[in-house]
Amino acid sequence: MSTPLAGLRVLEIAGLAPAPFAGKILCDFGADVIRIDRSTSAMNLDVLAQNKRSIALNLKSPAGIEALIRLCEKSDVIIEPFRPGVMERLGLGPDVLLKRNPRLIYARMTGFGQQGHYAKMAGHDINYLAISGVLSTLGKHDDKPAFPINLLADFAGGGLMCALGVLLALQERTRSGKGQVVDAAMIDGVNYLGSFVYNMHKAGALFQTPRGTGQLDGGAPFYDTYKTKDGLYMAVGAIEVEFYKLLLQGLGLDQEKDQLPEQLDTKGWPKLKELFTKIFLSKTQEEWVKVFDLTDACVTPVLDYYKMPTPAPAPRLLRTPGVHQKSSEGDDEELFLEVGGQSKVILKEAGFSEEEIRDLVAKNAVAGEGLEKASL
C-alpha cells in the first residue's frame, strides 16, 4: 500500500525529542528518514526512531562533513536540532547545503529561535512555554502556573510545527523548484498554538478572569475532573446548556435543578463544585461510565495513557495511511535504533564507491556495522 511521503528522503541529525518527533511524523507517513548519529556513540536513547535508519558520521572530521554534504545532495530534507551557529561553525549552514542542493528543505529546530535575546541560551519545554506567554494561562487559581509535562512546546509547538513547515516548504517547491529554510522555534510554535486563547481574550469573550477561574481553565464545575470512589477520575466537559442538563440528570440532580445555582453564575460555582465532587465520590469510575457512556453529557473516564495501545499515526488517511509502529512489548531492540546500523548501505545508495567508503573508515569519518577497519 502506498504512503503519502513515499520517495521522500529526510536526513535527521540526532538530537533530543522535538526534532526526532518531526522526523517520526515524516517517517510514519512513508518518508525514508536517516538519522545522522555521532560515530563515537555506542547507543542513542532516542525512542522515536522506529522505521528510521542510521548512519554514524564524525562531524568533527572534514571527510565526515563532506560525506554529509554529499548525502544532502541526494536528499529532500535535513532537520537539525542545534543552537544557532553550530551548523555554520561545522561548515554545514544553509548557504553551503542549499548551494550544493538548491531543492533542499533545511529545517532548523530550536527552542528560542535563530535570533533574539534568548537565542543562544539553553532551555527546555518549560522555558519555551514560559517565554511564549502560554504558561501564564495554565494552572489553578492562586497557585503557581502548571505545565502539562513536556508536551506543548517540545512536541506540539516544536516537532509537529517543524513537520508542518517541512510539508509546506515541499508543497511550495512543487511550484518554484527551490528549497528553503524552515525556522521552527518552539516559542513561536507554542505561541501560535495559543491563537484561540489569545484572540478570545482580546475579543473580550473568554479568558477575562484570573487563571483557573474561567469556563475552560478549571474554574467552572462543568469543565473539570472529579475523583471517583475507587481513586480514579472522570472528565466533565458539559459546556452547552443541553449537555449540562444531561450532566445534572446523570448525577441525579435533574429534580433539584431549580434549587441549584444557574450554570453560568460564577458565584455559585464553588457550591456546585463541592456538590459534584461529593456525588462523583459515591461511585466507582466503572459505575459512572455505565451512567454516562454514549450520552451527550460530555462525561468520560480518565484513562491511563500507559495502558493505551501504541500511538498510531494521525490523522488517518484512508487511501494512503501511515505506517503503524509495532508494539515492542518491552523489547528494547525494537524500540531503539542501532547507531550506524545502516551506514554502509546508506553510503552506497548515495553513490559512494567501495574505495571511498574504505577511505572514510580509514579517516574515522564513518562508523557502523560491517565498517570495522579490519573487515575492509
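Counting of residues starts from 1 at the beginning of each chain's written sequence and follows it residue by residue. The model is predicted, so local features are restricted to residues of pLDDT at least 70 and side-chain atom pairs to those at 80 or more, both for listing and for counting; the totals for chains, interfaces and linings are taken over all residues. The basis for every side-chain value is the complete set of non-hydrogen atoms in the structure, without hydrogens or water.

**Some words on the packing of aromatic side chains**
Phase 1 of the analysis: Pairing of aromatic rings covers Phe, Tyr and Trp, the last through its six-membered ring, and needs centres within 6.5 Å; plane angles under 30 degrees mean stacked, over 60 mean edge-to-face, and all others mean tilted. Under the criterion given, the structure shown has 11 aromatic pairs.
Phase 2 of the analysis: Here F112 and Y128 contribute two aromatic rings whose centre-to-centre distance is 4.9 Å and whose plane-to-plane angle is 80°, an arrangement assigned as edge-to-face. Pair noted here: F112 is in the loop between β5 (105-110) and α5 (125-132) and Y128 is in helix α5, with a separation of 16 residues, a long-range link.
Phase 3 of the analysis: Each residue is placed in one exposure class: buried if its accessible area under a 1.4 Å probe, protein chains only, is under 20% of its type's maximum, exposed if it is over 50%, and partly exposed if it falls in between. F112 gets classed as buried once you look at its relative accessible area, which sits at 6%.
Phase 4 of the analysis: Seen in terms of ring centroids, Y226 and F280 are 5.0 Å apart; in terms of plane orientation they differ by 10°. Their pairing is stacked. Taken as a pair, Y226 in strand β7 (residues 223-227) and F280 in helix α10 (residues 269-280) lie far apart in primary sequence, 54 residues in all.
Phase 5 of the analysis: Classification of Y226 as buried rests on a relative accessible area of 3%.
Phase 6 of the analysis: With a relative accessible area of 0%, F280 lands in the buried category.
Phase 7 of the analysis: These aromatic residues form a ring-pair network of at least three members: Y226, F276, F280, W288 and F292.
Phase 8 of the analysis: Against the face of F352 rests R70, its NZ or CZ located 3.8 Å from the ring centre.
Phase 9 of the analysis: In this analysis the charged atom, NZ for Lys or CZ for Arg, is taken to sit over a ring once it is within 6 Å of the ring centre and within 35 degrees of the ring normal. Residue placement shows K283 over the ring face of W288; its charged tip is 5.6 Å from the ring centre. What counts as a helix is a DSSP run of H or I of at least four residues, what counts as a strand is a run of E of at least two, and both are numbered from the N terminus.

**Considerations on the environment of L5**
Phase 1 of the analysis: Tracing the chain through its elements places L5 in the segment before β1 (9-13).
Phase 2 of the analysis: Owing to a relative accessible area of 16%, L5 belongs among the buried residues under this scheme.
Phase 3 of the analysis: The residues touching L5, leaving out its near neighbours within four places in the chain, are L26, F29, G30, A31 and L167. The contact definition used throughout considers only heavy atoms, calling two residues in contact when any of these lie within 4.5 Å.

**Describing the pairing of strand β4 (residues 77-80)**
Successive residues of a regular strand alternate their side chains across the two faces of the sheet.
Phase 1 of the analysis: Residues V77 and I79 of β4 are buried on one face, and the alternating residues I78 and E80, pointing to the opposite face, are buried as well.
Phase 2 of the analysis: Bridging between β1 and β4 involves 3 bridges; their strand directions are parallel. Residue pairing across strands places E12 opposite I79, the latter belonging to β4.
Phase 3 of the analysis: A pair of strands is considered paired only if DSSP assigns at least 2 bridges between the two. Judged from the 4 bridges that link them, β4 and β5 form a sheet pairing that is parallel. Pairing of I78 across the sheet is with Y106, part of β5.

**A look at helix α11 (residues 285-292)**
Phase 1 of the analysis: Within α11, the full set of buried residues consists of Q285, W288 and F292. Taken around the axis of α11, the buried residues stretch over an arc of 60°, which confines them to a single face. Within α11, the exposed residues directed more than 90 degrees away from the buried face are E286 and K290.
Phase 2 of the analysis: Of the surrounding secondary structure, the elements contacted by the buried residues of α11 are β8 (233-237), α9 (241-250), α10 and β9 (299-301).
Phase 3 of the analysis: Of the residues trailing α11, L294 is marked for its positive phi of about 65°. Directions are taken from the helix axis to each C-beta atom, and the arc is the one they span.

**Here we look at a nonpolar patch on the surface**
Phase 1 of the analysis: Surface patches are defined over residues having more than 30% relative accessible area and no salt bridge, joining like charges when they lie within 9 Å and nonpolar side chains (Val, Leu, Ile, Met, Phe, Trp, Tyr) when within 5 Å. Note on areas: Shrake-Rupley, 1.4 Å probe, and residue coverage restricted to the protein chains presented here. The term salt bridge refers to a pairing of a side-chain nitrogen on Lys or Arg with a carboxyl oxygen on Asp or Glu at a separation within 4 Å. Judged by side-chain polarity, L303, Y305, Y306 and M308 come together as a nonpolar surface patch covering roughly 550 Å² of accessible area.
Phase 2 of the analysis: As for its placement among the helices and strands, M308 is situated in the loop between β9 and α12 (332-335).
Phase 3 of the analysis: The class for M308 is partly exposed, based on a relative accessible area of 40%.

**Focus on unusual backbone geometry**
Phase 1 of the analysis: A cis amide bond, omega 0°, links A314 with the succeeding residue P315.
Phase 2 of the analysis: Looking at where P315 falls in the secondary structure, it is placed in the loop between β9 and α12.
Phase 3 of the analysis: Although it is not a glycine, F207 adopts a positive phi angle of roughly 60°.
Phase 4 of the analysis: Of note in this structure, N364 is not a glycine but carries a positive phi near 55°.
Phase 5 of the analysis: Assignment of secondary structure puts N364 in the loop between α14 (354-362) and β10 (366-367).

**A short note on the packing of α9 against α11**
Phase 1 of the analysis: Axis definition: a line fitted to C-alpha atoms, over the contacting stretch in the case of helices. Angles run 0 to 180 degrees between N-to-C directions. Two elements in contact, α9 and α11, have axes whose closest approach is 10 Å; the angle formed by their N-to-C orientations is 130°. It follows from the interaxial angle that α9 and α11 lie oblique. Considering how the two elements wind past one another, α9 and α11 form a crossing that is right-handed. Residue-level inspection shows L246, L247 and G250 of α9 in contact with α11, the latter providing W288, V291 and F292.
Phase 2 of the analysis: Following the grouping adopted for this structure description, the nonpolar residues are Ala, Val, Leu, Ile, Met, Phe, Trp, Tyr, Cys and Pro, the charged ones are Asp, Glu, Lys and Arg, and the polar ones are all others, Gly among them. Taken together, the residues that form the contact of α9 with α11 break down as 5 nonpolar, 1 polar and no charged. Oblique is the label for every angle not falling under 35 degrees (roughly parallel), over 145 degrees (roughly antiparallel), or within 65 to 115 degrees (roughly perpendicular). Rotating anticlockwise by less than a right angle from the far helix to the near helix defines a left-handed crossing, while the corresponding clockwise rotation defines a right-handed one.

**Some words on the sheet that holds β8**
Phase 1 of the analysis: Sheet architecture is open: 3 strands sit in the order β7-β8-β9, paired in antiparallel fashion. Two strands in the sheet have a free side with no partner beyond their single neighbour: β7 and β9. For this sheet, the mean inter-axis angle between neighbouring strands, taken without regard to orientation, is 25°.
Phase 2 of the analysis: Against the sheet, α10 engages β7, β8 and β9, with an angle of about 40° to β7.
Phase 3 of the analysis: Contacts between α11 and the sheet are confined to β8 and β9, with β8 contributing the most and set at about 30° to the helix.

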